[in-house]
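Single-letter residue listing:
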Amino acid sequence: MEENFIQLFHGEIERLFPFHCIFDIQFNIAGYGSSLRLVVPQIECGRKLYDFFFSGTARENISLDTFKNCGNVLFLFFVPETQCRLRGQVIKDSRGRFIFLGSLWLTAPEQMRELGLSIKDFAVHEPVVDLMQLVQSQKIALMDLEKLAYELKKQRKEIRDQARESRKLALIASRTDNAVILTNAKGEIEWVNDGFSRITGFGLDEIRGQKPGSFLQGPMTQADVIHRIREKLKQGKGFREELINYKKDGTPYWVQIEVQPIYDEFENLTHYMAIEADITQAKLFAENLRNEKDLLELTLSTITEAVLTTSHEGLIELMNESASILFGITPRSAIGKSIYEFINLTTLNGENIESIYENSRNELEEQFHGSLFDLNSAVILTNYRGRKRHVTFQTKIMQPGFALVSKVLLIFRDVEEEFEIERMKADFVSSVSHELRTPLTSIKGYISTILDDPNMPEDTRHQFLKVVYDQSNRLQDLVDDLLEISRLESAPDLLSSNTMVPGNLILKVTNHFLITAERNAIQIKVDVTNPSTRIPGDSGQFESVLTNLISNAIKFTPRGGSIRIHSFEDEEWFYLKVQDTGMGIPEKDQQRIFHKFFRVDRPGVEIQGTGLGLAIVKTIIDGFRGTISLQSEVNAGTAFLVQLPIKQAT
């Protein structure tokens, strides 16, 4: 080995050869560069050189023969751990040590990143850095060119796609019935389609550069909608609204408009696109539908029949006010629940007809049309609160189009009043027949006896004729009362321009009964607060009221009892009270006391009368537009209170 010695300071070696390595003749490492540690992470002073490096590309072990001639020889060190190569010269220093002045041999810029190296880890004069930078620059440039080519190819494809899409959109826009408007960022029209011209009557040449609102809006255009639109446009936001616009000929029409802003690649607002649909017919249809719904609701609320619809399963979906009253429930509590929770239908014989209804429905569902069930004869409906009413009802299927049965319509008619009238008619005929037959039978019997016995004693004949006379009077009273009540019912409004002084009439009628009352040991007390008060009404009719009430009081008051007749008034009403200490009326009979021919059943007590007196009184009081009520207790007496208006109603 040629002896070549150099004298360098450690700092200079580090600066000029950051990948250097110092070792002695025994190959013990005495020092190394800071950048070498990045390439050989495990290197340490004192360790053997051949522990970390091989010589040459053949990866031969390092020996002293390797450095016999190291003058101008270029050595190549291979690092097994990182698969790196170092190249350089080996020289001796003044202390007899070897110094490997090498640099990193790189084949690709990626190796620097893999090893964690940067430019500062190389010597400033290192040519590999410049080479790597050049290679890297070329590689980056190549990558940029490839990327640019890719982007250009992508953009060309997007342009072709956009062109195809634009042609497609233009075709759609020209064929659509909706109006399409394209404006600039200021809202000035740049383009409209044929649909816009068909709807509005305006061509593009007439309106180009104008704002749509300047010629489409008019007197009926909603101000609040215009304000919202302007606010959205100021903010550069899209919106959807419905408003009234005007055509070129001044015809108003409803339009649904949807506007979307269009931005460029720099997020700058460039255009607005508006799509407008003429919804006039839809609005008219909706308005007609609302009117029909309102009319239906009004009709349902005014008709007296109870109307409701149910689903196929019997769940209530709709009901009117009459149904709510009949069933004893509110619509809110009934909607969505089964109709069978609220009503029970039975025949007059007590048979439940729910099964009949279900069977009829099942049979009809196979036919998909027609009436489901129609029951015109009265049945008994028991509602949610236990109230019973006589009703008739109809049930029909409501089947839209080709769909299955979706709804069931039920119409109930409350015939309780009619049923009661029929019952009262039957009772009336029965009572009249009975009342007429009794005196006629008596008269016929006594006359027949007189005719069959011409030798009848005069006293007996006179007694029989007296009975016939009394029965004839009874018959006459019955006929008179029947004619009177018939006349009163045929003219229910008994108020006229006539007026009466009820106080004077009370005193007059009471005087007629004083002798009868005295004969029966009954005391009559009269208390008239203001005998001169004048009220609307017919004096004769009011006398009939007084006569019936006072005669009944005397008739049902035992000897030693008393009757009080008291009148008083306030600003609006005149009051008459006739109170006795007689037999009284059982509570169960008080509701029927004013019915024709009704008599309280009093075992062992026979009281003469037609059974029409209180019915006549009630009819007259109703005709006077007043009221009559009673309070009674058995064996304690009865009080009738009459209330009449003081002034004629206007």
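Residues numbered from 1 in each chain as written. Predicted model: local features only at pLDDT ≥ 70, side-chain atom pairs only at ≥ 80, totals over all residues. Heavy atoms only, no water.

A.B. asks: What is the right way to read the pattern of salt bridges from this model?
C.D. replies: Two side chains with opposite charge may pair up if their charged atoms get near one another. According to the stated counting rule, one finds 14 salt bridges in the structure shown. Taking the shortest distance from any N to any O, the salt bridge between Arg564 and Asp527 comes out at 3.3 Å. With Arg564 in strand 22 (residues 562-569) and Asp527 in strand 20 (residues 523-528), the pair connects residues that are 37 residues apart, well separated along the chain. Using a relative accessible area of 31% as the deciding quantity, one classes Asp527 as partly exposed. Overlapping salt bridges bring together Asp224, Arg228 and Glu241 as one network. (Salt bridge = Lys/Arg side-chain N within 4 Å of Asp/Glu carboxyl O. Helix = DSSP H or I, 4+ residues; strand = E, 2+ residues; numbered from the N terminus. Buried < 20%, exposed > 50% of the residue type's maximum accessible area, 1.4 Å probe, protein only.)

A.B. asks: I keep staring at the sheet that holds strand 8 (residues 179-184) and nothing clicks. Help me out?
C.D. replies: Two modes of strand pairing occur in sheets, parallel and antiparallel, and in both the strands are linked by backbone hydrogen bonds. Strand order in the open sheet formed by five strands is 9-8-12-11-10, and the pairing between neighbours is antiparallel. A single partner strand is all that each edge strand has here, and the edge strands are strand 9 (189-192) and strand 10 (239-246). Across the sheet, the mean angle separating the axes of adjacent strands is 25 degrees when strand polarity is ignored. Here strand 10 pairs with strand 11 (residues 252-263) via eight bridges, running antiparallel. Residue Ile244 lies in a different strand from strand 11, and its bridge partner there is Trp254. Contacts from helix 8 (residues 223-234) reach strand 10 and strand 12 (269-278), with the element oriented near 130 degrees to strand 10. (Pairing = 2+ DSSP bridges. Axes fitted to C-alpha atoms, helices over the stretch in contact; angles between N-to-C directions. Contact = heavy atoms within 4.5 Å.)

A.B. asks: Hey, could you run me through the sheet that holds strand 24 (residues 627-633) in this one?
C.D. replies: Strand order in the open sheet made by the five strands is 20-22-23-25-24, with mixed pairing throughout. In the strand order of this sheet, the two ends are held by strand 20 and strand 24, each with one partner. Each strand axis lies, on average, 10 degrees off the axis of its neighbour in the sheet, ignoring direction. As defined by bridge partners, strand 23 (residues 573-580) adjoins strand 25 (residues 637-645) across seven bridges and the pair is classed as antiparallel. Paired with Phe574 across the two strands is Leu644, which belongs to strand 25. This element, helix 16 (residues 539-555), spans strand 20, strand 22, strand 23 and strand 25 of the sheet and lies at about 25 degrees to strand 23. Here helix 17 (residues 613-623) sits on the sheet in contact with strand 24 and strand 25, set at roughly 140 degrees to strand 24.

A.B. asks: What exactly am I supposed to notice about the packing of aromatic side chains here?
C.D. replies: Aromatic ring pairs are described here by two measures, namely the spacing of the ring centres and the angle between the planes. If you walk through the whole model with that rule in mind, you get 11 aromatic pairs. Centre to centre, the rings of Phe23 and Phe27 are 6.1 Å apart; their planes meet at 20 degrees, and the pair counts as stacked. Assessed through its relative accessible area of 0%, Phe23 is described here as buried. A residue is classified by how much of its surface remains accessible, and Phe27, at 8% relative accessible area, is buried. Pairing Phe594 with Phe640 gives two aromatic rings, centres 6.2 Å apart and planes at 75 degrees, and the pair type is edge-to-face. Of this pair, Phe594 sits in the loop between strand 23 and helix 17 while Phe640 is found in strand 25, placing the two residues 46 residues apart along the sequence. The buried category is assigned to Phe594, whose relative accessible area is 16%. Note on Phe640: relative accessible area 9%, which makes it buried. Each member of the aromatic cluster is reached from another via a ring pair, and the members are Phe23, Phe27, Tyr50 and Phe98. One Lys or Arg, Lys247, reaches over the ring of Tyr253 and ends 5.9 Å from the middle of that ring. The residue whose ring lies beneath Lys283 is Trp254, and the NZ or CZ to ring-centre distance is 4.5 Å. (Phe/Tyr/Trp six-rings, centres within 6.5 Å; stacked < 30°, edge-to-face > 60°. Lys NZ or Arg CZ within 6 Å of the ring centre and 35° of its normal.)

A.B. asks: Whenever I open this one, helix 15 (residues 502-519) confuses me. Can you help?
C.D. replies: At 3.6 residues per turn, the α-helix brings residues three or four places apart onto the same side. In a regular helix each residue adds 1.5 Å, so 18 residues correspond to 26 Å; helix 15 covers 26 Å between its end C-alpha atoms and thus fits that length. Taken as a whole, helix 15 has its buried residues at Pro502, Gly503, Leu505, Ile506, Val509, Thr510, Phe513 and Ala517. Where helix 15 is buried, its residues contact strand 19 (499-500), strand 20, strand 21 (535-536), helix 16, strand 22 and strand 23. One or two residues past the end of helix 15 sits Ala521, with phi positive at roughly 60 degrees. (Expected span 1.5 Å × (residues − 1).)

A.B. asks: Hey, could you run me through a negative patch on the surface in this one?
C.D. replies: Side chains of Glu569, Asp570, Glu571 and Glu572 sit close together on the surface and give a patch of like negative charge. Here Glu572 is to be found in the loop between strand 22 and strand 23. (Patch = residues over 30% accessible without salt bridge, like charges linked within 9 Å, V, L, I, M, F, W, Y side chains within 5 Å. Areas by Shrake-Rupley, 256 points an atom, 1.4 Å probe, with all protein chains shown as cover. Lys, Arg positive; Asp, Glu negative; His and termini not counted. Charge placed at Lys NZ, Arg CZ, Asp CG, Glu CD.)

A.B. asks: I keep staring at the nonpolar core and nothing clicks. Help me out?
C.D. replies: Generally speaking, soluble globular proteins have nonpolar side chains that are buried together. Grouped together as the largest cluster of nonpolar side chains are 39 residues, with contacts concentrated most on Phe542 and Leu576. Among the elements that make up this core, the one with the highest residue count is helix 16 (seven residues). With residues up to four places along the chain from it excluded, the contact list for Phe542 reads Met500, Pro502, Leu505, Ile506, Phe574, Leu576, Phe624 and Leu644. Residues Cys21, Leu36, Val40 and Phe52 belong to the second largest nonpolar core, which totals 28 residues. (Core = buried A, V, L, I, M, F, W, Y, C linked by side-chain atoms within 4.5 Å.)

A.B. asks: Is there a simple way to explain the packing of helix 16 against helix 17 in this structure?
C.D. replies: The relative placement of two packed helices comes down to the angle between their axes together with the axis-to-axis distance. With their axes 9 Å apart at the nearest point, helix 16 and helix 17 run at an angle of 145 degrees to one another. Judged by the twist between their axes, the crossing of helix 16 over helix 17 is left-handed. Across the interface between the two elements, Gln541, Ser544, Val545, Asn548, Leu549 and Asn552 from helix 16 touch Gly613, Leu614, Ile616, Val617, Ile620 and Ile621 from helix 17. (Left-handed = near helix turned anticlockwise from the far one by under 90°.)

A.B. asks: Which parts of the structure should I look at to understand a nonpolar patch on the surface?
C.D. replies: Taken together, Leu145, Leu148 and Leu152 make up a surface patch of nonpolar side chains, about 280 Å² in accessible area. Within the fold, Leu145 resides in helix 4 (residues 127-175). Classification of Leu145 by relative accessible area gives exposed; the value is 54%.

A.B. asks: Could you clarify how one ought to interpret the pairing of strand 13 (residues 306-311) in this entry?
C.D. replies: The buried count for strand 13 comes to six of six residues, which makes it a mostly enclosed element. Residues Ala306, Leu308 and Thr310 point to one face of strand 13 and Val307, Thr309 and Ser311 to the other, with burial holding for every one of them. Strand direction decides the pairing type here: strand 13 and strand 18 (residues 407-414), joined by six bridges, are antiparallel. Each bridged residue has a counterpart across the sheet, and for Leu308 the counterpart in strand 18 is Leu410. Sheet analysis places strand 13 next to strand 14 (residues 316-319), joined by three bridges and oriented antiparallel. When the sheet's bridge partners are listed, Leu308 is paired in strand 14 with Met319.

A.B. asks: Sorry, what's going on with the side chain of Thr183 here?
C.D. replies: Here Thr183 shows up in strand 8. Taking relative accessible area as the criterion, Thr183 reaches 6% and is therefore assigned buried. Other than its neighbours up to four places away in sequence, Thr183 contacts Glu188, Ile189, Glu190, Thr270, His271 and Tyr272.

This is a description of form; function is not addressed.
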